[in-house]
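Observations on the three-dimensional arrangement
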Amino acid sequence: MTKTQDEVAKWFNAIEALGGANFGNEVFPGYPGAVVSDGKLTRMNWGFPLVMKGKQGQPLKPKPVNNARTDKLKSFFWRTSFEERRCLIPVTAWAEAQGPKGSKTRTWMSLPGEGLFACAGVWRTSDEWGDCYSMVMTDSAGSAAEDIHSRMPVLLRPEDYPAWLTGTAHEAFDLCRAWKADLIIDQTEEGWTRSSDKSAKGSNEVSSQSRLL
């Protein structure tokens, strides 16, 4: 996210409810990011907590599930959030890992001529992290992104925002399709993880899943 919270709020005609300093330029799974919900620009944790247990049944640190696949939206884990709590995720670009294991690099994707756009999201309140959100992902077949990754975020046009936010579950699901318009694809030599970074030292290490900028 390269825009200020004031710019993002104006773009989405939302009331600022973030408080404090602007959100970070990069957003990683398990960390706070900006979302638009109920007419407000607010901050939530990226990823629904998945409760984990060790071999002896001991509780482990929850895992952030940051992607909600469209073919799983009707499952128990996602169904209520999809039907009742949908949100917009403001971004300026997103990244996918590309290349062989151990030396994956970042490939950034964005929309031409757009300073900001929205990915479809769902959210809920959790005991572990408070309010949290997840990005809805769909099959990328037929899009410019299909050579980069088999899935991509559900990208929404401004005219689709009302249907995603307040429409029926059926209307919202109809929007869960690959983006067929142009994309800007920037294949870099930036390491996806710290151990594979080819160009910039100190890159944050995350799992091989979608990331936002």
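Note that residues are indexed from 1 along each chain, following the sequence as it is written. Only residues with pLDDT of at least 70 are given local features in this predicted model, and only at 80 or more are side-chain atom pairs given and counted; all residues enter the totals for whole chains, interfaces and linings. Computation of side-chain values: all heavy atoms of the structure, hydrogens and water removed.

A closer look at the overall build of the protein chain
What the protein chain contains, in helices and strands, is 4 helices and 15 strands. Scored against the burial criterion, the 213 residues of the protein chain give a buried share of 46%. Contacts were defined at the residue level, with two residues in contact if any of their heavy atoms lie within 4.5 Å. The long-range share in the protein chain, meaning contacts at least 24 apart out of those at least 6 apart in sequence, stands at 64%. With the model as given, the accessible surface of the protein chain reaches about 11000 Å², and the carbon-plus-sulfur share is 49%. Numbering goes from the N terminus for both helices and strands, where a helix is a DSSP run of H or I of at least four residues and a strand is a run of E of at least two. Residue exposure (1.4 Å probe, protein chains only): buried if accessible area is under 20% of the type maximum, exposed if over 50%, otherwise partly exposed. Here, Shrake-Rupley sampling with a 1.4 Å probe gives the accessible areas, and only protein chains in the shown set may cover a residue.

Topic: the nonpolar core
Phe12, Leu41, Leu88, Val136, Leu156 and Trp164 are the most contacted members of the largest nonpolar core, which totals 29 residues. For this core, the elements supplying multiple residues, two or more each, are helix H1 (5-11), strand S2 (32-37), strand S10 (117-126), strand S11 (130-139) and helix H3 (161-166). When residues of this core are assigned to their parent elements, the largest contribution, 3 residues, is made by S10. Apart from the residues within four sequence positions on either side, Val136 is in contact with Ala68, Thr70, Leu73, Ala120, Gly121, Val122, Met152, Pro153, Val154, Trp164 and Cys176. Definition of nonpolar core: a set of buried residues of the types Ala, Val, Leu, Ile, Met, Phe, Trp, Tyr and Cys, connected through side-chain atoms within 4.5 Å.

Some words on unusual backbone geometry
One non-glycine residue with positive phi stands out, namely Asn13, at about 50°. Tracing the chain through its elements places Asn13 in the loop between H1 and strand S1 (15-16). For Asp38, which is not a glycine, the phi torsion comes out positive at approximately 55°. Mapped onto the secondary structure, Asp38 falls in the loop between S2 and strand S3 (40-46). The exposed category is assigned to Asp38, whose relative accessible area is 69%.

Some points on the layout of surface pockets
In this model, the second largest pocket occupies a volume close to 160 Å³. Here the term cavity refers to a set of points on a 1 Å grid, laid over the protein atoms alone, in which a 1.4 Å probe fits but cannot get out; the term pocket refers to an open set having protein on both sides within 12 Å along at least five of seven lines, with lining residues being those that place an atom within 4 Å of a point. Along its surface, the second largest pocket is lined by 13 residues, and Leu111, Glu114, Phe117, Pro158 and Trp179 are the ones closest to its centre. Under the grouping applied here, Gly and all other residues not named as nonpolar or charged are polar, the nonpolar ones being Ala, Val, Leu, Ile, Met, Phe, Trp, Tyr, Cys and Pro and the charged ones Asp, Glu, Lys and Arg. Among the residues forming the lining of the second largest pocket, the class breakdown is 10 nonpolar, no polar and 3 charged. Grid points are joined across faces, edges and corners, and a volume is the space filled by probe spheres set on the points.

Details of the confidence of the model for the protein chain
Note: pLDDT gives the predictor's confidence per residue, expressed from 0 to 100. Mean pLDDT over the protein chain: 86, with 88% of residues reaching 70 or higher. When the criterion is pLDDT under 50, residues 195-213 qualifies, and its contacts beyond four places in sequence or with other chains add up to 70 contacts.

Topic: a nonpolar patch on the surface
Residues enter patches when they are more than 30% accessible in relative terms and free of salt bridges; like-charged ones are connected within 9 Å and nonpolar ones (Val, Leu, Ile, Met, Phe, Trp, Tyr) within 5 Å. The salt bridge criterion pairs a side-chain nitrogen of Lys or Arg with a carboxyl oxygen of Asp or Glu, the two atoms within 4 Å. There is a patch of nonpolar side chains on the surface, built from Leu50, Met52, Leu60 and Phe77 and spanning about 290 Å² of accessible area. Mapped onto the elements of the fold, Leu60 is located in strand S5 (residues 59-65). According to the relative accessible area criterion, Leu60 is partly exposed, its value standing at 42%.

Let's talk about the pattern of salt bridges
Scanning the model with the defined rule gives 6 salt bridges in all. The residue Arg106 makes a salt bridge to Glu26 at a minimum N-O spacing of 3.3 Å. Here Arg106 is found in strand S9 (residues 105-110), whereas its partner Glu26 is found in the loop between S1 and S2, with 80 residues between them in sequence. According to the relative accessible area criterion, Arg106 is buried, its value standing at 4%. For Glu26, a relative accessible area of 32% translates into the label partly exposed. Between Glu190 and Arg106 there is a salt bridge whose closest N-O contact spans 3.1 Å. Pair noted here: Glu190 is in strand S14 (residues 184-191) and Arg106 is in strand S9, with a separation of 84 residues, a long-range link. In this structure Glu190 comes out as partly exposed when scored by relative accessible area, which is 25%.

Things to note about the environment of Asp182
The topology assignment puts Asp182 in the loop between helix H4 (169-173) and S14. Taking relative accessible area as the criterion, Asp182 reaches 60% and is therefore assigned exposed. As a C-alpha pair, Asp182 and Leu111 span 71 residues in sequence and 6.9 Å in three-dimensional space. The residues touching Asp182, leaving out its near neighbours within four places in the chain, are Leu111 and Pro112.

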